[in-house]
Structure formats: structure tokens, C-alpha cells
Amino acid sequence: MSGDAESVQAGLFDAEALETARVFFAHPVSFMMGAVAISGLPSPDLPEVAFAGRSNVGKSSLINGLVGRHGLARASNEPGRTREINFFVADERLRLVDLPGYGFARVSRTTADQFQNLGRAYLRGRPNLKRVYLLIDARHGLKDVDKEALDALDVAAVSYQIVLTKADKIKPAEVAETVEATLKAIARRPAAFPRVVATSAEKGLGLPELRAEILAAVEIIPAPLG
Ligand SMILES: Nc1nc2c(ncn2[C@@H]2O[C@H](COP(=O)(O)OP(=O)(O)O)[C@@H](O)[C@H]2O)c(=O)[nH]1
Ligand SMILES: [Mg+2]
């Protein structure tokens, strides 16, 4: 297979699609609200894409990177600090949803369960949810706790796509290996989208492609042919 992470993703979206996506995410994106209970969700009147993953995997940083605003979604070093479902509105046409992280080490099991239940309840019952981006640390690949999340998404039949984060922390060839291993691991999973995007919120790697993936998922731009 190909030798580096760039070439894994190269050529999928044409220049026009990438430019449309760039312009879309350059429009104002604002924090809408945080929900602490399923009864407090905003009405499902806009398409949503959600970002899920282990605590500290880089969800908030990725959302900030996508919209080019450092402080929008709170990014922190403290695992488990984001305990709400946070909603952001892009261009008044799309909501980005920052889900509570799973796999906490530093909160009690019951508290962790509550956050997970909130995330799960959202994932199971959201009619306007178009796709979940499941974030995986490029250095580690899929872990058991991630596989539990994939199982839950497969059972709920929610379309999800895997996004590798922190790709700047390892060599491109190693990123490509994780991409390949991840594609293999999801090949038979019914709700898994058969592409993996490697990103670095820090360096901007993969963000143009991910912006285009998101717009294609919500049908603002056409799906690529690849
Ligand atoms: N080197 C590097 N660090 C990152 C990247 N994305 C996130 N981080 C760091 O990882 C930590 C957790 O990120 P955060 O976005 O808060 O993760 P969250 O808990 O999933 O929202 C922070 O210290 C970030 O600065 C990345 O692309 N590259
Ligand atoms: Mg966060």
C-alpha cells in the first residue's frame, strides 16, 4: 500500500469540493449550548455531525481546527472535563456536536457511566444525526474501549467514520500503518464508513479533507466518486 498518510487520502475530493468546504468552515461558527441531560437537547431542526472518542483524544482541538478558532470548543489537558454535549452551529446550516469522552480514568465509574449514558442516548435517538466521527489516537489505533463504542454504533445503526488524531506525533509511514490496520478492523462493521481520515489539529494535516467529508455527509457537497 501507499507509503505515507497524505497519499492515502490524496485525490478523493477535487479542488472545487475542498475549496467549497474551506469557505463553508470559514463562515461564523458559534457555540449554541451545552446539554447535561437528554431532555435538554436542542430541537432536531438542523443536520448534525457528532465527534466521539476517548477523553483526551483531541475532540475539542479537532473542532477548533476545523473552524479555525482556537478557543471555540474548550480543549484541555484534564481528562474528563468535558461532561456535557456541546453544540456548535456552522453557517446556520449545520451543527457540530462535541460528545462527552469515554474511558475516563479519573472519575468514578458511576459518573463515567452517566456521561456515557448521555452520549449513548444521544447517539441512539437523534433523527437529524448524519454521521459520527469516531476519533482514535493515531499513535495507538483502536483499543478495546473504542471497539465497545463501535459495537454500540453498529447496533444503533448510526453511520460513523474513523478519524485518526495527533498524526503529527508519529512518522507519516506509521500513520499509514494505523490507517491500514484500522480499515482492516472496520471492514466487516455494518455502520462503518469505509474511509479513514488522518488528522493533526496542531499542524492542519487532513483538516481540508475532513471538512469535505463532513459536507458530503450532510449533502452540502456531492459525495466523491472514490
Ligand atoms: N500534538 C498534538 N496534540 C494534540 C492534537 N490534538 C489535541 N492535542 C492535545 O491533546 C490534548 C487533549 O486534547 P482535547 O482536544 O482537549 O481532547 P478531548 O478531551 O478529546 O476534547 C491537549 O493537550 C491537546 O493540545 C494534535 O493534533 N497534535
Ligand atoms: Mg474536549
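Rules and cut-offs
Residues numbered from 1 in each chain as written. Chains lettered and ligands numbered in written order. Predicted model: local features only at pLDDT ≥ 70, side-chain atom pairs only at ≥ 80, totals over all residues. Helix = DSSP H or I, 4+ residues; strand = E, 2+ residues; numbered from the N terminus. Buried ≥ 20, exposed ≤ 12 C-beta atoms within 10 Å, placed from the backbone. Contact = placed C-beta atoms within 7 Å. Expected span 1.5 Å × (residues − 1). Arc of directions from axis to C-beta. Near = placed C-beta within 6 Å. Nonpolar A, V, L, I, M, F, W, Y, C, P; charged D, E, K, R; others polar. Axes fitted to C-alpha atoms, helices over the stretch in contact; angles between N-to-C directions. Parallel < 35°, antiparallel > 145°, perpendicular 65-115°, else oblique. Right-handed = clockwise from strand over helix to strand, strands pointing away. Pairing = 2+ DSSP bridges. Core = buried A, V, L, I, M, F, W, Y, C linked by C-beta atoms within 7 Å.

> How would you sum up the overall build of the chain? Please name residues and give values.
Secondary structure assignment for the chain yields seven helices and seven strands. Helices and strands in the chain line up, N terminus first, as α-α-β-β-α-β-β-α-β-α-β-α-β-α. Within the chain, buried positions represent 44% of all 226 residues. Nonlocal contacts in the chain, meaning residues at least 24 apart in sequence, comprise 76% of its contacts between residues at least 6 apart.

> Can you explain helix α2 (residues 15-26)? Please cite residues and give values.
Helix length check: α2 (twelve residues) gives 16 Å between terminal C-alpha atoms against 16 Å at 1.5 Å per residue, within 8%. Listed as buried for α2 are Ala17, Ala21, Phe24 and Phe25. Along α2, the residues classed as buried sweep out an arc of 90° about the axis, all on the same side. Among the exposed residues of α2, those pointing more than 90 degrees away from its buried face are Ala15, Glu16, Val23 and Ala26. Tucked into the core, α2 has its buried residues touching α3 (59-67), β3 (85-90) and α7 (207-217).

> Please give an account of the site of ligand 1 that cites residues and values.
The environment of ligand 1 is made up of 20 residues, and the closest members are Gly58, Lys59, Ser60, Ser61 and Glu202. If you tally residues by element for the shell around ligand 1, the top one is α3, at three residues. Among the residues forming the shell around ligand 1, the class breakdown is three nonpolar, twelve polar and five charged.

> Outline α7, listing residues and values.
Across the eleven residues of α7, nine count as buried, placing the element largely inside the fold. For α7, the complete set of buried residues consists of Leu207, Glu209, Leu210, Arg211, Ala212, Glu213, Ile214, Leu215 and Ala217. Positive phi appears at Glu219, one or two residues downstream of α7, with a value of about 60°.

> So what about the packing of α2 against α7? Which residues, and what values?
The angle between the axes and the distance between the axes are what describe a pair of packed helices. For the pair α2 and α7, the least separation of the axes is 8 Å and the interaxial angle reads 85°. By the criterion of interaxial angle, the relationship of α2 to α7 is roughly perpendicular. Between α2 and α7, the residues in contact are Ala17, Leu18, Thr20, Ala21, Arg22, Phe24 and Phe25 and Pro208, Arg211, Ala212 and Leu215, respectively. Among the residues forming the contact of α2 with α7, the class breakdown is eight nonpolar, one polar and two charged.

> Please set out the pairing of strand β6 (residues 160-165) residue by residue, giving values where relevant.
In terms of residue burial, β6 counts as a mostly covered element, since six of its six residues are buried. Of the two faces of β6, the one holding Tyr160, Ile162 and Leu164 and the one holding Gln161, Val163 and Thr165 are both buried throughout. Crossover connection from strand β5 (residues 129-137) via helix α5 (residues 144-156) to parallel β6: handedness right-handed. Note that β6 and strand β7 (residues 192-198) share four bridges and pair parallel. Directly across from Val163, in β7, lies its bridge partner Val197. Handedness of the crossover joining β6 and β7 through helix α6 (residues 172-186) is recorded here as right-handed.

> So what's going on with unusual backbone geometry? Which residues, and what values?
Its identity as a non-glycine residue notwithstanding, Asp91 has a phi of 55°, on the positive side. Tracing the backbone shows Asp91 in the loop between β3 and β4 (94-98). By the C-beta count within 10 Å, which is 13 here, Asp91 ends up partly exposed. Of note in this structure, Glu92 is not a glycine but carries a positive phi near 55°. With respect to the secondary-structure elements, Glu92 resides in the loop between β3 and β4. Among the residues examined, Glu92 registers 11 C-beta atoms within 10 Å and is labelled exposed.

> Explain the nonpolar core residue by residue, including any values.
Membership of the largest hydrophobic core comes to 60 residues, with the highest contact counts inside it found for Phe51, Ile63, Leu134, Leu135, Leu164 and Ala198. Setting aside anything within four residues of it in sequence, one finds Ile63 in contact with Phe51, Leu72, Ala73, Phe88, Leu96 and Asp98.

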